[in-house]
Amino acid sequence: MTFEDDELYRDITGFADDTPTWVQHTVEVWTEAGILLFGALFVVAWWRSRHGSTHAFAIAVLAPVATAMAYVCSELLKSVFSEERPCRAVTAAVPSLAECPPTGDWSFPSNHATIAGASAVGLALIRRTVIWLTAPLALLMAFSRVFVGVHYPHDVAAGLLLGAVVAATAVRLGRHPVIRLAEAMRASSAPAVRWLTGPGAPAASATAYAPSHRRR
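None of the values given here were measured: they were computed from a predicted structure.

> Go over the packing of helix α2 (residues 21–49) against helix α3 (residues 54–81) with me, naming the residues and quoting the values.
Interaxial distance between α2 and α3 falls to 8 Å at its minimum, and their mutual angle equals 160°. Overall, the two elements α2 and α3 adopt an arrangement that is roughly antiparallel. For the element pair α2 and α3, the recorded crossing hand is left-handed. Contact residues: α2 offers F42, A45, W46 and S49, while α3 offers A56, F57, A60, A63, P64 and T67. For the contact of α2 with α3, the class distribution of residues is eight nonpolar, two polar and no charged.

Right under this line is the structure:
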């Protein structure tokens, strides 16, 4: 499998090599810490959804599951394409900032970019406005993988697309079964189960929907 982006890889890693040391270290930290940040956002989304509708809670539960599914799909594709890492395969490129993964840890598609793409879409399905936060974070994570020299540009582009598609599809297909499960769990008498799902949205006041009495 061959793509014509070796020169772009050289340009990006050359640019990375010319940046200040603190920038290089920041990107090296971000390329791994970004996954932890997305994980923390999933936890926040779950916690907030405990006081929301059953539909919102179901999406908050499905989103990280869909991200895990996207990661599995990425791993399966890696074994199919078996693309060598650019930090070994591209000639005349500067040394990678991050340690080059061993042979057998294939390059296409990028797992990190896949997780980032799936997380960005999954979180946006929980609350649409957060796409303005999650999309830039996902793009930065994907770019960081090329910046530190361990992926080609096409690896991260494919990973972002794969993650987004798998997450959107998984949430769409799994939404109704999980809603029914969440409804059953919220009706459970077990305290641990009720804590996990939360009380849900407050019930509307009965008086708000009570018919008005006519004057006599």
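> A description of the packing of aromatic side chains should follow, citing residues and the corresponding values.
Applying the stated rule across the entire model yields five aromatic pairs. Between the aromatic rings of F15 and F147, the centroid separation amounts to 6.2 Å while the plane-to-plane angle is 80°, which identifies the pairing as edge-to-face. With F15 in helix α1 (residues 6–18) and F147 in helix α6 (residues 131–147), the pair connects residues that are 132 residues apart, well separated along the chain. Ring centres 5.0 Å apart and planes at 85° place the aromatic pair F81 and F108 in the edge-to-face group. Separated by 27 residues along the polypeptide, F81 in helix α3 and F108 in the loop between α4 (86–89) and α5 (111–126) bring together distant segments of the chain.

> Quick rundown of the nonpolar core? Include the residues and the values.
One finds F38, A116, A138 and L160 to be the most contacted residues of the largest nonpolar core, which totals 20 residues. Mapped by element, the contributors of at least two residues to this core are α1, α2, α5, α6 and α7 (153–186). Counting residues per element, this core draws most heavily on α6, at five residues. If you look at the next biggest cluster of nonpolar residues, it comprises 13 residues, including A58, A118, V166 and V171.

Analysis parameters
Residues numbered from 1 in each chain as written. Predicted model: local features only at pLDDT ≥ 70, side-chain atom pairs only at ≥ 80, totals over all residues. Heavy atoms only, no water. Axes fitted to C-alpha atoms, helices over the stretch in contact; angles between N-to-C directions. Helix = DSSP H or I, 4+ residues; strand = E, 2+ residues; numbered from the N terminus. Parallel < 35°, antiparallel > 145°, perpendicular 65-115°, else oblique. Left-handed = near helix turned anticlockwise from the far one by under 90°. Contact = heavy atoms within 4.5 Å. Nonpolar A, V, L, I, M, F, W, Y, C, P; charged D, E, K, R; others polar. Phe/Tyr/Trp six-rings, centres within 6.5 Å; stacked < 30°, edge-to-face > 60°. Core = buried A, V, L, I, M, F, W, Y, C linked by side-chain atoms within 4.5 Å. Buried < 20%, exposed > 50% of the residue type's maximum accessible area, 1.4 Å probe, protein only.

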